[in-house]
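# Inside the fold
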Amino acid sequence: LACFLVRKTSKSAVSEGNVAFTADEPGEYSICFVGKINNGGRCAEEKGCPTSLVFRVQHGAELEAARKSGDKHDTIEREIQRSLAIVNGMIGELHYLKEREERMRDTNESTNARVMWFSVLSISILLAMGIWQIRYLNRFFAEKKLI
């Protein structure tokens, strides 16, 4: 059970207004009307204000005919709103992908820098060990008088 509240609150005396509701699901619906008048209004609260409500209920073939012949702007507007929501979702997804790509690029650059410095350190240690081994072996063989 759904209740749709319709309120007309305006400082000017509005005598007519249209409120339309199209149900997407079949079922039972209630419509609630609330009239509020401040002390400066034309009608006193005890007497009440004359109000007229007109209900036009369409269903089935009558509703389909009214939709087809009548307000095509609503259909176009709904399609535009739906398309706009899809585009906004795509834009949000693209922003997310851009941020993700930036984070991944930063991680990749950081990893590449670490690998480069590790390689420089490894090569330096290997060169230092090679030079030390050559000097050590030269001195060892010179002491043994093999060279």
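Figured I'd write up the structure that's included with this text. (Residues numbered from 1 in each chain as written. Predicted model: local features only at pLDDT ≥ 70, side-chain atom pairs only at ≥ 80, totals over all residues. Heavy atoms only, no water.)

## Notes on a negative patch on the surface
Note the cut-off: Here a patch means residues that are over 30% exposed by relative accessible area and free of salt bridges, tied together within 9 Å if like-charged and within 5 Å if nonpolar (Val, Leu, Ile, Met, Phe, Trp, Tyr). To measure how exposed things are, a 1.4 Å probe is used in the Shrake-Rupley method; for residues, cover is taken only from the protein chains shown. In what follows, salt bridge is the name for a side-chain nitrogen of Lys or Arg lying within 4 Å of a carboxyl oxygen of Asp or Glu. As used throughout, the charge tally considers Lys and Arg to be positive and Asp and Glu to be negative, leaving His and the chain termini uncounted. Where a charge lies is defined by one atom per residue type, namely NZ (Lys), CZ (Arg), CG (Asp) and CD (Glu). Only DSSP runs of H or I covering at least 4 residues are called helices, and only runs of E covering at least 2 are called strands; the numbering of each starts at the N terminus. Buried, partly exposed and exposed residues are distinguished by accessible area as a fraction of the type maximum, computed with a 1.4 Å probe on protein chains only: under 20%, between the cut-offs, and over 50%, respectively.
Residues Glu99, Glu102, Asp106 and Glu109 make up a contiguous surface patch of negative charge. Its location among the elements puts Glu109 in helix α2 (residues 72–144). By relative accessible area, Glu109 is classed as partly exposed at 47%.

## Topic: the packing of aromatic side chains
Using the following cut-off: Stacked, tilted and edge-to-face pairs are distinguished by plane angle, under 30 degrees for stacked and over 60 for edge-to-face with tilted covering the rest, among Phe, Tyr and Trp rings (Trp via its six-membered ring) whose centres lie within 6.5 Å.
On inspection of all chains with the given rule, the structure shows three aromatic pairs. Residues Trp132 and Tyr136 carry aromatic rings whose centres are separated by 5.4 Å and whose planes lie at 20 degrees to one another, so their mutual orientation is stacked. A residue pair is termed a helical-turn pair when its members lie 3 or 4 positions apart in one helix, as Trp132 and Tyr136 do in helix α2 at four residues. Measuring from centroid to centroid gives 5.4 Å for Phe140 and Phe141, while their planes differ by 65 degrees, and the two rings are edge-to-face. On the basis of relative accessibility, which here comes to 35%, the residue Phe140 falls in the partly exposed class. With a relative accessible area of 31%, Phe141 lands in the partly exposed category. Among the aromatic residues, ring-to-ring pairing joins Trp132, Tyr136, Phe140 and Phe141 into one connected group.

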